[in-house]
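Take a look at the letters that make up each chain.
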Amino acid sequence: MSLSFIQCRGLTKSYQKGNTTVTPLENLDLDVSKGHFLALMGPSGSGKTTLLNLIAGIDSPTSGDLHIGGTSIAQLSRGALTDWRARHVGYIFQLYHLVPILSAFENVELPLLLSQGSRSARRQRVERALELVGLQDRASHRPPELSGGQEQRVAIARAIVADPPLLVADEPTGDLDRESAQQILTLLRSLVADHGKTIVMVTHDPKAASAADETLHLEKGRLVTAQSLATV
Ligand SMILES: Nc1ncnc2c1ncn2[C@@H]1O[C@H](COP(=O)(O)OP(=O)(O)OP(=O)(O)O)[C@@H](O)[C@H]1O
Ligand SMILES: [Mg+2]
């Protein structure tokens, strides 16, 4: 089999709590090909966020292999992992995590301040990202002046501004009304279809999951079934 874009083998994450060990992820195998939109579902506490954080390089596995785009990220030092993450992953949160005192433009610009680049090159990238999410006319607005759906679109612009190949989203529509949620899902789909992004999205909502190419279910830290769904 050819190497998948995301390849997890025997992935295990444990935490030591006093005398007891909690193992939110156990011996998990997962392959995600490039340009694929994967939805992860499962009950609360089943390990969805834990898995997402490993794939995003926010956390490191206790054991097992994790290759992304050919890089063995479980092997990287903390500094190298931070560097890798900045170039390869955009993270989208349920509650947006925008900085309230910064404008939409400044929020989207934040990831670019970590890397080299001229001010005008940054401006171009931020403008392109805001345009892609349809918010070029809201660039100077601060988050409190935006609707929830607009805030999430700013957060998506921030996630894609450095052009990472991988986007991970933890319940990105969990706090939105049906119509705003649908807009976000349409946007995520177009990032896959038109921009070749690979997306792993956690959701509790079967309707949101149906926007993905495939839905996998986690239970007690293990994948239980694989269910292929038609693309909408
Ligand atoms: N830093 C940590 N220390 C100890 N235990 C943790 C830690 N992070 C997560 N866990 C435990 O791992 C398990 C899985 O947590 P996780 O956040 O991955 O669940 P989830 O599927 O995302 O749930 P939800 O749907 O509620 O967001 C839980 O039992 C949680 O308490
Ligand atoms: Mg979670």
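Parameters and conventions
Residues numbered from 1 in each chain as written. Chains lettered and ligands numbered in written order. Predicted model: local features only at pLDDT ≥ 70, side-chain atom pairs only at ≥ 80, totals over all residues. Heavy atoms only, no water. Helix = DSSP H or I, 4+ residues; strand = E, 2+ residues; numbered from the N terminus. Buried < 20%, exposed > 50% of the residue type's maximum accessible area, 1.4 Å probe, protein only. Contact = heavy atoms within 4.5 Å. Areas by Shrake-Rupley, 256 points an atom, 1.4 Å probe, with all protein chains shown as cover. Lys, Arg positive; Asp, Glu negative; His and termini not counted. Charge placed at Lys NZ, Arg CZ, Asp CG, Glu CD. Near = heavy atom within 4 Å. Polar contact = N/O pair within 3.5 Å; in protein donor to acceptor, adjacent residues only side chain to side chain. Nonpolar A, V, L, I, M, F, W, Y, C, P; charged D, E, K, R; others polar. Pairing = 2+ DSSP bridges. Salt bridge = Lys/Arg side-chain N within 4 Å of Asp/Glu carboxyl O.

Visitor: Explain the overall build of the protein chain here, please?
Guide: Looking only at helices and strands, the protein chain has 7 helices and 10 strands in total. Summarising its shape, the C-alpha atoms of the protein chain cover approximately 50 × 40 × 40 Å along the three principal directions. Buried residues in the protein chain amount to 48% of all 232 residues. Within the protein chain, contacts between residues separated by at least 24 positions form 68% of all contacts whose residues are at least 6 apart in sequence. Total accessible area on the protein chain is roughly 11,300 Å²; 48% of this is exposed by carbon and sulfur atoms. Counting 23 positive and 24 negative side-chain charges, the protein chain places the averaged centre of each group 4 Å from the other.

Visitor: Mind showing me how you'd approach the site of ligand 1 here?
Guide: Near ligand 1 there are 13 residues, and of these Ser 44, Gly 45, Lys 48, Thr 49 and Thr 50 occur at the shortest range. Between Lys 48 and ligand 1, the recorded distance is 2.7 Å, taken from a side-chain N or O atom to an oxygen atom. Here an oxygen atom of ligand 1 and a side-chain polar atom of His 204 are 3.1 Å apart. For ligand 1, the protein covers 63% of the area, taking 630 Å² as the surface of the free molecule. Listed by contribution, the elements that provide at least two residues to the shell around ligand 1 are strand E1 (6-17) and helix H1 (48-55). Top element by residues in the shell around ligand 1 is H1. It accounts for 3 residues. Split by residue class, the shell around ligand 1 holds 3 nonpolar, 7 polar and 3 charged.

Visitor: Would you mind going over unusual backbone geometry with me for this structure?
Guide: Note on backbone geometry: most residues besides glycine have negative phi, and most peptide bonds are trans. Its identity as a non-glycine residue notwithstanding, His 97 has a phi of 55°, on the positive side. Summarising the element assignment, His 97 is placed in the loop between strand E6 (89-92) and helix H3 (104-109). A residue is classified by how much of its surface remains accessible, and His 97, at 48% relative accessible area, is partly exposed. Notably, Lys 220 is not glycine yet its phi reads approximately 50°, a positive angle. By the element assignment, Lys 220 lies in the loop between strand E9 (214-219) and strand E10 (222-228). Using a relative accessible area of 73% as the deciding quantity, one classes Lys 220 as exposed.

Visitor: Help me understand the sheet that holds strand E2 (residues 20-32), please; the structure alone is not making it clear to me.
Guide: Within a beta sheet, neighbouring strands are joined by backbone hydrogen bonds and run either parallel or antiparallel to one another. If you trace the 4 strands from one edge of the open sheet to the other, you get E2-E1-E4-E5, paired in antiparallel fashion. Looking along the sheet, the strands with just one partner apiece sit at the ends: E2 and strand E5 (71-72). As judged from the 5 bridges shared by E1 and strand E4 (residues 63-68), these two strands associate in the antiparallel manner. Within the sheet, the bridge partner assigned to Gln 7 lies in E4 and is His 67.

Visitor: Sorry if this is basic, but what is going on with the pattern of salt bridges here?
Guide: Note that side chains of opposite charge can pair when their charged atoms are close. Applying the stated rule across the entire model yields 10 salt bridges. With a shortest N-O distance of 3.0 Å, Arg 9 and Asp 31 are connected by a salt bridge. Pair noted here: Arg 9 is in strand E1 and Asp 31 is in strand E2, with a separation of 22 residues, a long-range link. Using a relative accessible area of 31% as the deciding quantity, one classes Asp 31 as partly exposed. Two residues, Asp 59 and Lys 13, come together in a salt bridge whose shortest N-O distance is 3.2 Å. Placement of the pair is Asp 59 in the loop between H1 and E4 and Lys 13 in strand E1, with a sequence separation of 46 residues. By relative accessible area, which is 25% here, Asp 59 ends up partly exposed. The class for Lys 13 is buried, based on a relative accessible area of 8%.

Visitor: Quick question: what am I supposed to make of the side chain of Ser 4 here?
Guide: By the element assignment, Ser 4 lies in the segment before E1. In this structure, Ser 4 is in contact with Asp 31 and Val 32, ignoring residues within four places of it in sequence.

Visitor: Is there a simple way to think about the pairing of E4 in this case?
Guide: The two faces of the sheet receive side chains in turn, since in a regular strand these alternate between them. Pairing of E4 with E5, which is carried by 2 bridges, proceeds in the antiparallel orientation. Bridge pairing in E5 places His 67 opposite Ser 72.

Nothing here speaks to function; it is geometry throughout.
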